[in-house]
Structures are given as structure tokens and as C-alpha cells.
Amino acid sequence: MRRSRGDERGGSSIPALAVLVVLGVAAVVGFRGAGEPDVDLSTLTSSTTHTTIDTAPLDSEPFDGTDGLVVHPRAETAVYTAPDADAFAKIGPTQFGPTWLPVVQQTDGWVRVLLPSKPNRSTGWLPDQDLERASSPYLIRVHTGSRTLELFRQGRRLGVWKAGVGARKTPTPPGRTFLLGSIIDNKRSASPVVLPLGAHSPTLDTFGGGPGTVAIHGWPRPDVFGAAVSAGCVRVPKTALALLQKVPLGTLVLIDSK
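Presented here is a report on the structure given in the accompanying data block. Just so it is clear, the structure is predicted and the values come from calculations on it, not from any experiment.

A few words now on the overall build of the chain. Helix and strand content of the chain: 1 helix and 21 strands. Burial statistics for the chain: of 258 residues in total, 54% are counted as buried. Put simply, of all contacts in the chain between residues at least 6 apart along the chain, 69% involve residues at least 24 apart. As displayed, the chain offers around 10,800 Å² of accessible surface, 52% of which is attributable to carbon and sulfur atoms.

If you want it as C-alpha cells, here you go:
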């Protein structure tokens, strides 16, 4: 399994944090449309925390919310620059457990999703028929200015906590991202639970053996909460982490400077 980065990260990955409410499943097909040939997936770069895909279209509304729709590619699937346009990457059914991606735009037969690859705010379009759909009622908000984290469910705030965020030279990247996976490793003294996000350090290409992936995790000392001291990750108290572990994969995370 891939290891995520963070100030202090490693370990093995586990399945999804919580069961998603499945809205519908469509059959996986190998065609882009009527009469169009299969895409040769072997020629495409996989969108993962380890890859950079410079041709990915960037999120044009990086601080907007969504309606909670998330999708899961049931097999390796091509990712397109626009509906019925060219494929520029592929996305697999697993990353840190099942791959669930938040939908930021929809049109007939297509959805636009946030991607886990670099650069930050990368997006791509997926054919609707290749996906399993679900809905997450949760929203995670991180405010690097006030150094706080908020958790909402169906618009109701469940809690707000002081959080450790990135230091000036290693900031937590702003914009909307998502809960990509979960790692639990009881040998890790700093935080056995690490929740990787689909975002990356803007200043570090690698950290702790991983690819510079930003994550939410705990910390054994309370003095970091409310401080800008991390390498980009978000450090939270145990009470916050316990609730965040119940949040489904693919859930939107909004990071701003408030």
C-alpha cells in the first residue's frame, strides 16, 4: 500500500472510514460513446498522490461547496479534459482503500471530480456510466488564519477545534480538496491515525518517505493546537480525530485563510 506524507507519517492503509449511502450503480463500459473506440488506458498516467499531471484542468471554484455527491470508479477509468474531449489520465478503484471522489460539476452523462494527483486543485471529467454514486452529508472546514477545524453534518456544526496548521515556509495549501483515505498504524507514537487528503504540500516534494501528501492527524502534545508549526498537515485533538474517523471517504474538505 502507498504511504502518505505528513509531518510524521507512514503505516498501512485500511478500508473506507464509514459506509456511504449508495444512490445508484451503472454498468462499467469500455466506450466513450456510441461508435467511439476504447481508450488505451496503458498510455495514460494514473492519477495518484505520487503523480503530477500538468495537463489536468484546474478547479475554477476552489472555495465553493458541493451537494455532497461522491463517485467511485469500479474499475480503472479514463479521465478527460472535458465531456467528449481527450483523455489525459486514468483513475483506479483504490488509493488508500476505495477511491471516492467529490463531484464539483455535472452535465449529461459526465461528472467533474477533484483528483488526488498534483498540481493541487486538479480536476477531470469521468463518464457517468463507469461509476458508483453515493452521498456524504459531511463537510470539513480548515481555517489556517484562525487555526481551527470545523466538522459539519447536513449543515449542522458538530464541533470546532483548535488545530495545528502549516508553518510559514511549509503552508497548508488552500482550496477545496477531499478525504482520500485512512491509515492506522499503532506503532506510530505521534498519531496512529492519519487521514490523507487529496492535496499536496506546495513547498515539499517528499516528506517522511511519502510524496508530500497533506493529511489530518493527531498529535501527542496539546501545545501545537492553534499554532502554525507543521509541514503542511493539519494536527487535531483526539476528540476531533475520533469524529473525523467516522466521515466517509470522498467528503469535501474546504481549506481557507480565515
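Residue placement: Thr-123 occurs in strand S9 (residues 123-127). Polar side-chain contacts of Thr-123 include one of 2.8 Å to the backbone oxygen of Pro-57. Separated by 2.9 Å, the side chains of Thr-123 and Arg-112 make a polar contact. Once you skip the residues sitting within four places of it in the chain, Thr-123 turns out to touch Ala-56, Pro-57, Leu-58, Asp-59, Phe-88, Arg-112, Val-113, Leu-114 and Leu-115.

Okay, the pattern of salt bridges next. As enumerated under the stated definition, the model contains 7 salt bridges in all. Ionic pairing is found between Lys-90 and Glu-76, a salt bridge with its closest N-O pair at 3.9 Å. In this pair, Lys-90 is assigned in strand S4 (residues 87-91) and Glu-76 in the loop between strand S2 (69-73) and strand S3 (77-80), connecting sequence segments 14 residues apart. Judged by relative accessible area, which is 12%, Lys-90 ranks as buried. The exposure class assigned to Glu-76 is partly exposed, which follows from its relative accessible area of 39%. Its salt-bridge partner being Arg-133, residue Asp-128 comes within 2.9 Å of it at the nearest N-O pair.

Spatially, the 4 strands line up as an open sheet ordered S16-S17-S18-S20, and their pairing is mixed. Both outer strands of the open sheet, strand S16 (183-184) and strand S20 (234-235), are each paired with one neighbouring strand and no more. Of the pairings in the sheet, the one linking S16 to strand S17 (residues 193-200) comprises 2 bridges and is antiparallel in character. Within S17, the residue paired with Ile-183 across the bridge is Val-194.

So, about the packing of aromatic side chains. For the structure shown, the criterion picks out 1 aromatic pair. Between Tyr-80 and Trp-110 the ring centres are 5.1 Å apart and the planes differ by 90°, which places this aromatic pair in the edge-to-face class. With Tyr-80 in strand S3 and Trp-110 in strand S8 (residues 110-114), this pair connects stretches of sequence that are 30 residues apart. Take Tyr-80 and Trp-110: they sit in the same class, and that class is buried.

Turning our eyes to something else, we now look at the environment of Gly-198. Structurally, the position occupied by Gly-198 is in strand S17. Since its relative accessible area comes to 7%, Gly-198 is described here as buried. Once you skip the residues sitting within four places of it in the chain, Gly-198 turns out to touch Leu-115, Pro-116, Thr-177, Phe-178 and Leu-180.

This part takes up the side chain of Thr-170. Looking at where Thr-170 falls in the secondary structure, it is placed in the loop between strand S14 (165-166) and strand S15 (175-178). Setting aside chain neighbours within four positions, we find Thr-170 in contact with Thr-203, Leu-204, Ser-230, Ala-231 and Gly-232.

This brings us to unusual backbone geometry. Cis geometry marks the peptide bond from Lys-118 to Pro-119; its omega dihedral reads 0°. With respect to the helices and strands, Pro-119 occurs in the loop between S8 and S9. Backbone geometry at Arg-121 places phi at a positive 70°, although glycine is not the residue there. Summarising the element assignment, Arg-121 is placed in the loop between S8 and S9.

How each quantity is defined
Residues numbered from 1 in each chain as written. Predicted model: local features only at pLDDT ≥ 70, side-chain atom pairs only at ≥ 80, totals over all residues. Heavy atoms only, no water. Helix = DSSP H or I, 4+ residues; strand = E, 2+ residues; numbered from the N terminus. Buried < 20%, exposed > 50% of the residue type's maximum accessible area, 1.4 Å probe, protein only. Contact = heavy atoms within 4.5 Å. Areas by Shrake-Rupley, 256 points an atom, 1.4 Å probe, with all protein chains shown as cover. Polar contact = N/O pair within 3.5 Å; in protein donor to acceptor, adjacent residues only side chain to side chain. Salt bridge = Lys/Arg side-chain N within 4 Å of Asp/Glu carboxyl O. Pairing = 2+ DSSP bridges. Phe/Tyr/Trp six-rings, centres within 6.5 Å; stacked < 30°, edge-to-face > 60°.

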